[in-house]
Amino acid sequence: MSEERYLTFALGKGRLANKTLELFEEIGITCEEMKDKNSRKLIFVNEELKLRFFLAKGPDVPTYVELGAADIGVVGKDTIVEENRNVHEVLDLGFGKCRMCVCGPESARELLKHHERIRVASKYPNMAKDYFYNKKHQTVDIIKLNGSVELGPLVELSDVIVDIVETGSTLRENGLEVLEEICPLSARMIVNPVSMQMQTERIKDLVMRVRQKLAEKQ
Ligand code: PRP
């Protein structure tokens, strides 16, 4: 048999990566090296299964996967839509559930009804633009922020925000509300299109095992 090449995974750093590793462990895919929290290593290998893992910033995961530096990625649907890379989305992992919403003070609700030109702050300018221009047919000014987006309406940088709502507590604690829901979100598995063709059996097998495990857990 020809020597099997490594299958490489790019995982979005943080909660999603931890959840993914927990799930993989349940189907017998482990990476002991990754459990050492003091390690400064960036790439972790399971020699026996010929797997490699690395952690990356969420928005970089689709880039690694599209360009083939990783065969498989795990990242939020929000990032997949926002980055719009050429990758195959193969599985909804069901965790990391949240919603992309238009949020703001109650007083901003009226502004959304009358096609007024409003200012929208977001970490997701492409999703915000798509929603307002293509779905609502409302011309808006998009202001790109990199985090703590809820500040936008509080300091009058923007009228509303387009952001992720999970528990809703950030909104509540800051006197803001969900004004419109754009779409539900969760963690997804993505695959490089060439890897999908060259490693079809291995990838299909992995997806099937993960899918089965998720079904068992429901
Ligand atoms: C995300 C999101 C909201 C918050 C929503 O921010 O942008 O701010 O979580 O969660 P909640 O509904 O449970 O309060 P994150 O913590 O990723 O940090 P950021 O604001 O710096 O992007």
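Residues numbered from 1 in each chain as written. Predicted model: local features only at pLDDT ≥ 70, side-chain atom pairs only at ≥ 80, totals over all residues. Heavy atoms only, no water.

Considering the packing of aromatic side chains
Reasoning step 1: Applying the stated criterion across every chain yields a total of 5 aromatic pairs.
Reasoning step 2: When the centroid spacing of 5.0 Å and the interplanar angle of 15° are considered together, the rings of F9 and F53 count as stacked. Of this pair, F9 sits in strand β1 (residues 7–12) while F53 is found in strand β3 (residues 51–56), placing the two residues 44 residues apart along the sequence.
Reasoning step 3: The buried category is assigned to F9, whose relative accessible area is 0%.
Reasoning step 4: Each ring, one from F54 and one from Y64, has its centre 4.9 Å from the other, and the planes form 70°; the classification is edge-to-face. Placement of F54 in strand β3 and of Y64 in helix α2 (residues 61–66) is noted, with a sequence separation of 10 residues between them.
Reasoning step 5: For F54, a relative accessible area of 10% gives the class buried. (Phe/Tyr/Trp six-rings, centres within 6.5 Å; stacked < 30°, edge-to-face > 60°. Helix = DSSP H or I, 4+ residues; strand = E, 2+ residues; numbered from the N terminus. Buried < 20%, exposed > 50% of the residue type's maximum accessible area, 1.4 Å probe, protein only.)

A look at the site of the ligand
Reasoning step 1: The environment of the ligand is formed by K123, G147, S148, E150, D163, I164, V165, E166, T167, G168, S169 and T170.
Reasoning step 2: Here an oxygen atom of the ligand sits 2.7 Å away from a polar atom, N or O, in the main chain of G168.
Reasoning step 3: Counting only elements with at least two residues in the shell around the ligand, the list comes to β9 (160–165) and α6 (169–173).
Reasoning step 4: Ranked by residues supplied to the shell around the ligand, first place goes to β9 with 3 residues.
Reasoning step 5: Of the residues in the shell around the ligand, the class split is 2 nonpolar, 6 polar and 4 charged. (Near = heavy atom within 4 Å. Polar contact = N/O pair within 3.5 Å; in protein donor to acceptor, adjacent residues only side chain to side chain. Nonpolar A, V, L, I, M, F, W, Y, C, P; charged D, E, K, R; others polar.)

Regarding the pairing of strand β4 (residues 72–76)
Reasoning step 1: Along β4, 5 of the 5 residues are buried, which leaves the element largely enclosed by surrounding structure.
Reasoning step 2: Bridge analysis of β1 against β4 gives 3 bridges, and the strand direction is parallel. Counterpart to A10 in the pairing with β4 is G73.
Reasoning step 3: Summarising the sheet, β4 and strand β11 (residues 187–191) pair through 5 bridges and their orientation is antiparallel. Note on β11: the bridge partner recorded for I72 is V191. (Pairing = 2+ DSSP bridges.)

Remarks on the domain arrangement of the chain
Reasoning step 1: Domain annotation for the chain reports domain 1 (7–96 + 186–217) and domain 2 (98–185).
Reasoning step 2: Of note, the centres of domain 1 and domain 2, computed from C-alpha atoms alone, are 30 Å apart.
Reasoning step 3: Across the contact, 8 residues belong to domain 1 and 9 residues belong to domain 2.
Reasoning step 4: Here domain 1 and domain 2 share an interface that buries about 720 Å² over both sides, 49% of which is from carbon and sulfur atoms.
Reasoning step 5: Three residues stand out in domain 1 for area buried against domain 2, namely D78, E82 and G96, and they jointly supply 67% of the buried area on that side.
Reasoning step 6: Joining domain 1 to domain 2, the criterion identifies 1 salt bridge.
Reasoning step 7: Across the pair E166 and R15 runs a salt bridge, and its minimum N-O distance is 3.4 Å.
Reasoning step 8: Remark: the boundary between domain 1 and domain 2 carries 5 residue pairs in polar contact (both at pLDDT 80 or more).
Reasoning step 9: For the side of domain 1 that touches domain 2, the residue count by class is 1 nonpolar, 2 polar and 5 charged. (Domains from an automatic or database assignment. Contact = heavy atoms within 4.5 Å. Buried area = accessible area lost by both parts, 1.4 Å probe. Salt bridge = Lys/Arg side-chain N within 4 Å of Asp/Glu carboxyl O.)

A closer look at the side chain of K213
Reasoning step 1: With respect to the secondary-structure elements, K213 resides in helix α8 (residues 200–217).
Reasoning step 2: Within the local environment of K213, its side chain forms a polar contact with the side chain of E216, the two groups lying 3.1 Å apart.
Reasoning step 3: Setting aside its immediate chain neighbours within four residues, K213 contacts L23, E26 and I27.

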